[in-house]
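So the chains spell out like this:
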Amino acid sequence: MKLKNIRQDDNISELLKTDLNKGFRLLVETYSQKLYWHIRRLVILHEDADDALQNTFINVWKSIGNFRSESSLYTWLYTIATNEALALINKRKRNAAVSIDDLGRYFASSQEGSTWFDGDEAQLKLQNAILKLPDKQRIVFNLKYFDEMTYEEMSKVLKTSEGALKASYHHAVKKIEKIIVSD
Amino acid sequence: MKKLNDIPQKNPFKVPDSYFEDVNRKIISATSGYDQEVRKVSIYRRFRTNLLIAASVAGLIIISYSAIKLLTPDKRNLQVSEVLHEINPDSYINDIDISSLEVDASSILPSEEGPDVSKNDIIDYLLLNNVEINDIYEHL
């Protein structure tokens, strides 16, 4: 996490103590995009990401009294957002009608794909490869590769040791490269 | 394409125009209804630790008081035992220093070197007190 982001978190924490509504507004404005993209990369569809993002902030608001200012706001928010995304993925797994295991095929057959995805063939290959990873590896890969989160921060988000996360990322990269080459 | 590094790190997903402004507004308005609930919870959370400590201390005091009450002998019984202790001289025997007792006894018992009283003085004293002369000589 960059220094200016740490300072912004401190400002939000201070404002939450003095004026809850203003503090929460600043929190939403600061984090809505970051958390949206994190969720979107996991759930893929914009509609799902939109639902999960709103649920994330409603849960944040409901449990803001539990948040202790000495812990990291950034990792706390990512934990809640990750849980919301996983809940949505699990719900979708139970409903076989909306299974997304091949983005190319799904986007070709849906309006959503053509509207909200503008990646080239390489991007499509990468996203397809990421989709084939187990959920936990997928989260670790996304947080490291796209969000550039440190292993220390990630261990707080996922409640997993740094060593296990490093191993998980290493395996994810190997699998992705293997899938890309074979395609 | 063999390596991950060969693929440019780019976000391939899109969102509707002004999506983030709209969703921020939606979130703020959706959460405003929860205001009171959150404040109640946060006040409880803030004082929860203090409440737990106060309850623990109160519990400890009650347990200690009950334990003292149960384990301490009844005051009336104590008085009776003290009385029994007093009237039973044997119970004191170990508390008295035998050497001090000997010293005290020597001061009480008649000394061999007592005042010089002759037999005639005793006879005179007894006669003055109307004791029969025969009785006097019978004893002396």
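Residues numbered from 1 in each chain as written. Chains lettered and ligands numbered in written order. Predicted model: local features only at pLDDT ≥ 70, side-chain atom pairs only at ≥ 80, totals over all residues.

J.: So what exactly am I meant to see when it comes to the overall build of chain B here?
T.: Each helix and strand counted, chain B has 6 helices and 0 strands in total. Along chain B, from the amino end to the carboxyl end, the secondary structure elements read α-α-α-α-α-α. In chain B, which comprises 140 residues, the proportion classed as buried is 2%. (Helix = DSSP H or I, 4+ residues; strand = E, 2+ residues; numbered from the N terminus. Buried ≥ 20, exposed ≤ 12 C-beta atoms within 10 Å, placed from the backbone.)

J.: Any chance you could explain the overall build of chain A here in plain terms?
T.: For chain A, the helix and strand inventory stands at 10 helices and 0 strands. In chain A, the succession of α and β elements from N to C terminus is α-α-α-α-α-α-α-α-α-α. Here chain A holds 183 residues, and the buried ones make up 30% of them. In chain A, once contacts between residues fewer than 6 apart in sequence are set aside, the share between residues at least 24 apart is 62%. (Contact = placed C-beta atoms within 7 Å.)

J.: Honestly, the environment of Ile176(A) in this entry has me stumped. Any pointers?
T.: Relative to the helices and strands, Ile176(A) is located in helix α10 (residues 162-182). Measuring from C-alpha to C-alpha, the distance between Ile176(A) and Ala129(A) comes to 5.3 Å, with 47 residues separating the pair along the chain. Beyond its immediate sequence surroundings of up to four residues, Ile176(A) is in contact with Ala129(A), Ile130(A) and Leu4(B).

J.: Quick question: what am I supposed to make of the interface of chain B and chain A here?
T.: Each side of the interface is counted separately: chain B has 24 residues, and chain A has 32 residues. Contributing elements (two or more residues each) for the side of chain B that touches chain A: α1 (19-31) and α2 (35-71) of chain B.

J.: Just checking my understanding: could you explain the nonpolar core for this structure?
T.: Nonpolar side chains tend toward joint burial in soluble globular proteins. All names here are of chain A. Core analysis: the biggest nonpolar cluster contains 40 residues, and Leu 35, Ile 39, Val 43, Ala 49, Leu 53, Leu 77 and Val 140 have the highest contact counts within it. If one sorts the elements of this core by residue count, helix α2 (residues 20-43) sits on top with 9 residues. Here this core gathers at least three residues from each of two domains, domain 1 (1-99) and domain 2 (102-183). The contact partners of Leu 35, leaving out residues within four places of it in the chain, are Leu 53, Thr 56, Leu 77 and Ala 81. (Core = buried A, V, L, I, M, F, W, Y, C linked by C-beta atoms within 7 Å. Domains from an automatic or database assignment.)

J.: Explain α2(A) to me, please; I cannot follow it from the model alone.
T.: Along an α-helix, residues three or four apart share an orientation, since each turn contains 3.6 residues. Its maximal kink placed at Tyr31(A), α2(A) deviates by approximately 45°. Looking one or two residues past α2(A), Ile44(A) carries a phi angle of roughly 75°, positive in sign. (Bend = angle between axes of the 7 residues up to and from the residue.)

J.: Explain the confidence of the model for chain B here, please?
T.: The predicted coordinates should not be examined in detail at positions where pLDDT is low. Residues and elements named next belong to chain B. Looking at chain B as a whole, its pLDDT mean stands at 71, while 56% of the residues score no less than 70. Element-level pLDDT for chain B is lowest in helix α4 (residues 98-108), with a mean of 50, against a maximum mean of 93 in α1. We note a pTM of 0.63 for the whole complex and an ipTM of 0.83 for its interfaces. (pLDDT = per-residue confidence, 0-100.)

J.: Explanation requested: the packing of helix α9 (residues 151-158) of chain A against α10(A) in the structure shown.
T.: Pairs of packed helices are described in terms of their axes, by the angle between the two and the distance that separates them. Residues and elements named next belong to chain A. Where α9 contacts α10, the two axes come as close as 9 Å, and the packing angle between them is 100°. By the angle between their directions, the pair α9 and α10 is classed as roughly perpendicular. For the pair α9 and α10, the contacting residues are Tyr 151, Glu 152, Met 154, Ser 155 and Leu 158 in the first and Glu 162, Leu 165 and Lys 166 in the second. When grouped by side-chain class, the residues that make up the contact of α9 with α10 number 4 nonpolar, 1 polar and 3 charged. (Axes fitted to C-alpha atoms, helices over the stretch in contact; angles between N-to-C directions. Parallel < 35°, antiparallel > 145°, perpendicular 65-115°, else oblique. Nonpolar A, V, L, I, M, F, W, Y, C, P; charged D, E, K, R; others polar.)

J.: Where do I start with unusual backbone geometry in this structure?
T.: The residue Lys159(A) is not glycine, and still its phi comes out positive at about 50°. Tracing the backbone through its elements, the reader meets Lys159(A) in the loop between α9 and α10. Even without being a glycine, Ser18(B) presents a positive backbone phi close to 50°.

J.: Can you walk me through α1(B) in this structure?
T.: Between its first and last C-alpha atoms α1(B) spans 18 Å; for 13 residues at 1.5 Å apiece the expected length is 18 Å, and the two agree. Where α1(B) is concerned, the buried positions are Val23(B), Ile27(B) and Thr31(B). Along α1(B), the residues classed as buried sweep out an arc of 55° about the axis, all on the same side. Exposed residues pointing more than 90 degrees away from the buried face of α1(B) are listed as Glu21(B), Arg25(B) and Ser29(B). On its buried face, α1(B) sits against α2 and α3 (46-62) of chain A. (Expected span 1.5 Å × (residues − 1). Arc of directions from axis to C-beta.)

J.: How do you make sense of the environment of Ile133(B) when you look at a structure like this?
T.: If you trace the backbone, Ile133(B) turns up in helix α6 (residues 133-139). Sequence-wise, Ile133(B) and Ile123(B) are 10 residues apart; in three dimensions their C-alpha atoms are separated by 8.3 Å.

J.: Looking at this model, I keep getting lost on the packing of helix α7 (residues 121-131) of chain A against α10(A). Mind explaining?
T.: Residue and element names in this part refer to chain A. Here α7 crosses α10 at 130°, and the two axes come no closer than 9 Å. By the criterion of interaxial angle, the relationship of α7 to α10 is oblique. Remark: the crossing between α7 and α10 carries right-handed chirality. Of the residues in α10, those in contact with Lys 125, Ala 129 and Ile 130 of α7 are Ile 176, Ile 179 and Ile 180. (Left-handed = near helix turned anticlockwise from the far one by under 90°.)

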